[in-house]
Amino acid sequence: MSVFDRLRVHLPPFDGATAWINSGPLDPESLRGSVVLVDFWTLTCINWLRTVPWIRAWSRAYRDDGLVVVGVHTPEFSFEHDLDLVRQATRARGIDHPVVVDNGYAVWSAFDNHYWPALYFVDRDGVIRDEHFGEGRYEESERVLQRLLGVQRAPVAVAGQGVEQEADWSSLRTPETYLGSARGAAPAVPVDGVHQLPRRLRPGSWALQGRWAVDAEKVALREPGGSIAIRFSARDAHLVLAGAGRAPIPFTVRLDGAAPGSAHGVDVDERGDGVLREGRLYQLVRQRDGVRERQLQITFSEPGAEAYCFTFG
């Protein structure tokens, strides 16, 4: 018996929603009689992105059995409040179930939630019966859904692609790295205001080159040609980026000083060229011929690039 079975915690209302996507407003009464899976996410979270193939598959596989998946987009970074970006992310990820936009953290607070991603499993009477935070536990989660739905069948087949592919956990050595001063180790500002990269970075460390502004959640490029470098050990390297203006910002990625070639990520070609068009997570590197420690440098040809967080997989 779970804690929810003992306490009989009911599905909170979605009061305070900023908007709804793929649906009109829903509430506990209108969802009564359905099994509900509530999925908290934010569009730049790599941990959530890697769960999407399962959430999407469960929504489609069990919809006719009475499952309703409700996504709750609660933003981590300020630019993620942009409703157009949330709509774009919903389309890009192939999400066709209802999504409530929770810019004011009202739904987050009603659930007393603290994590991205977070799943809450609700039975047909509106009682929360289970929860799970983070990645993994997919088979057990699907069994919970089947039990609540009263069905029994083989689990769905899921294979993530691109940024949705499961991390290579055996080779992942570098943790999530925030660049803003609130959660990261902000670089010291040189006397002349222009940062210089060291010749070689320590494992897991990062540095700036050029003229950058550092605030609580990001670093922002003030002049063309600025770079960010990090030394990492992982199959994949991602960077959460946004732009201060509407114009695209071309960028170039180098691995150990050279074009990435076959180690390019989905947002970069073999020459290392990419374009920052909208605020989201960009996959810069995917090592395909074995994982080893590398130094990544990304250089922006125009000012206005904003960088928030490196993540790895």
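Here we look at the sheet that holds strand β8 (residues 206-209)
Two modes of strand pairing occur in sheets, parallel and antiparallel, and in both the strands are linked by backbone hydrogen bonds.
Point 1. What the five strands build is an open sheet, ordered β8-β11-β16-β13-β14; its pairing is antiparallel. Edge positions in the sheet fall to β8 and β14 (273-276), since each of these pairs with one other strand and no more. The average undirected angle you get between the axes of adjacent strands in this sheet is 25°.
Point 2. As paired strands, strand β13 (residues 249-255) and strand β16 (residues 294-300) are joined by five bridges and run antiparallel to one another. Paired with L255 across the strands is L296, a residue of β16.

Observations concerning the environment of A167
Point 1. Relative to the elements of secondary structure, A167 occurs in the loop between α7 (138-149) and β7 (177-178).
Point 2. Here the alpha-carbon distance between A167 and A234, two residues 67 residues apart in the chain, equals 8.9 Å.

Looking at unusual backbone geometry
With the exception of glycine, the majority of residues adopt a negative phi angle, and the majority of peptide bonds are in the trans configuration.
Point 1. Following W116, the chain continues to P117 via a peptide bond in cis, the omega torsion being -15°.
Point 2. Looking at the element boundaries, P117 is found in the loop between α6 (106-110) and β5 (118-122).
Point 3. Phi at D112 is positive, roughly 55°, even though this residue is not glycine.
Point 4. Relative to the helices and strands, D112 is located in the loop between α6 and β5.
Point 5. Its relative accessible area of 54% is what places D112 among the exposed residues.
Point 6. Although it is not a glycine, D256 sits at a positive phi angle of roughly 50°.
Point 7. Examined against the element boundaries, D256 turns out to sit in the loop between β13 and β14.

Quick word on the packing of aromatic side chains
Point 1. In the structure shown here, the tally under the stated rule is 20 aromatic pairs.
Point 2. Arranged with centres 6.0 Å apart and planes meeting at 85°, the rings of F40 and W108 form a pair that is edge-to-face. Remark: W108 occurs in helix α6 and F40 occurs in strand β2 (residues 35-41); sequence separation between them is 68 residues. Neither residue differs from the other here; F40 and W108 are each classed as buried.
Point 3. Seen in terms of ring centroids, Y120 and F133 are 6.0 Å apart; in terms of plane orientation they differ by 70°. Their pairing is edge-to-face. With a gap of 13 residues between them, Y120 in strand β5 and F133 in strand β6 (residues 128-133) connect regions that are remote in the sequence.
Point 4. Among the residues examined, F133 registers a relative accessible area of 31% and is labelled partly exposed.
Point 5. Here a set of aromatic residues connected by ring pairs shows up, and it is made of F40, Y105, W108, F111, Y115, W116, Y120 and F133.
Point 6. The positively charged end of R183 is found above the aromatic ring belonging to Y178, 3.9 Å away from the centroid.
Point 7. The lysine or arginine in question, R280, covers the ring of Y282, its NZ or CZ lying 3.9 Å from the ring centre.

Criteria and cut-off values
- Residues numbered from 1 in each chain as written.
- Predicted model: local features only at pLDDT ≥ 70, side-chain atom pairs only at ≥ 80, totals over all residues.
- Heavy atoms only, no water.
- Pairing = 2+ DSSP bridges.
- Helix = DSSP H or I, 4+ residues; strand = E, 2+ residues; numbered from the N terminus.
- Axes fitted to C-alpha atoms, helices over the stretch in contact; angles between N-to-C directions.
- Buried < 20%, exposed > 50% of the residue type's maximum accessible area, 1.4 Å probe, protein only.
- Phe/Tyr/Trp six-rings, centres within 6.5 Å; stacked < 30°, edge-to-face > 60°.
- Lys NZ or Arg CZ within 6 Å of the ring centre and 35° of its normal.

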